[in-house]
Amino acid sequence: RLMSLCHGSALDELKNNETEDYEVIDTRGLDADTIAILRQCKQLNFNRVEVLLHMIQVLVIDAQEAGVISVPPPILSRVYQTLSRGFVNLLNAKKIKDTRFP
């Protein structure tokens, strides 16, 4: 659910006009605190994609510490690398979108 919301939020940052909407997978499965934090992002000028990525990274760390996922650190580091690479690609796409052409 968080990855779907993260992807939808990234597309929302790249949209051309305010009429575009993006569907995400069942946000009703998120707890009230998470929804409240995500709603406050706009008021506090936080990037919602960054907040979602942080939440995902914290969940991965908690799952590893609790033994839910038993993955060697070199393999787990690829998860963080892939998340980071996705965010860098979003920033590059935003640069292209925001660059005016003569």
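No experiment lies behind these values; they were computed from the predicted model shown.

A. A look at the side chain of T34. Its location among the elements puts T34 in helix α2 (residues 32-43). If we skip the residues at most four places from it in the chain, T34 touches L2 and M55.

B. Quick look at the packing of helix α1 (residues 2-14) against helix α4 (residues 73-98). Contact geometry for α1 and α4: axes closest at 9 Å, N-to-C directions at 15 degrees. Here α1 is positioned roughly parallel relative to α4, judged by the angle of their axes. Of the two elements, α1 crosses α4, and the hand of that crossing is right-handed. Of the residues in α4, those in contact with M3, A10, E13 and L14 of α1 are L83, L90, A93, K94 and K97. Classifying every residue of the contact of α1 with α4 gives 6 nonpolar, no polar and 3 charged.

C. A look at unusual backbone geometry. For N45, which is not glycine, the phi dihedral falls at a positive 60 degrees. You can see N45 is positioned in the loop between α2 and α3 (48-65).

D. Broad picture of the nonpolar core. By size, the foremost hydrophobic cluster in this structure holds 18 residues, and its most contacted members are L2, L38, V49, L52, L53 and M55. Looking at this core, the elements that each hand over two or more residues are α1, α2, α3 and α4. Top contributing element to this core by residue count: α3, with 7 residues. With residues up to four places along the chain from it excluded, the contact list for V49 reads C6, S9, A10, E13, F87 and L90.

E. Quick peek at the confidence of the model for the protein. Taken over all residues, the pLDDT of the protein has a mean of 87, while the share at 70 or more is 100%. Looking over the protein, one finds the lowest element-wise mean pLDDT in α1, namely 84, and the highest in α3, namely 91.

F. Region of interest: the packing of α2 against α3. Contact geometry for α2 and α3: axes closest at 9 Å, N-to-C directions at 150 degrees. Taken together, α2 and α3 sit at an angle that is classed as roughly antiparallel. Along this stretch, α2 crosses α3, giving a crossing that reads as right-handed. Facing α2, whose interface residues are T34, I37, L38 and C41, α3 presents R48, V51, L52 and M55. For the contact of α2 with α3, the residue count by class is 6 nonpolar, 1 polar and 1 charged.

Thresholds applied
- Residues numbered from 1 in each chain as written.
- Predicted model: local features only at pLDDT ≥ 70, side-chain atom pairs only at ≥ 80, totals over all residues.
- Heavy atoms only, no water.
- Helix = DSSP H or I, 4+ residues; strand = E, 2+ residues; numbered from the N terminus.
- Contact = heavy atoms within 4.5 Å.
- Axes fitted to C-alpha atoms, helices over the stretch in contact; angles between N-to-C directions.
- Parallel < 35°, antiparallel > 145°, perpendicular 65-115°, else oblique.
- Left-handed = near helix turned anticlockwise from the far one by under 90°.
- Nonpolar A, V, L, I, M, F, W, Y, C, P; charged D, E, K, R; others polar.
- Core = buried A, V, L, I, M, F, W, Y, C linked by side-chain atoms within 4.5 Å.
- Buried < 20%, exposed > 50% of the residue type's maximum accessible area, 1.4 Å probe, protein only.
- pLDDT = per-residue confidence, 0-100.

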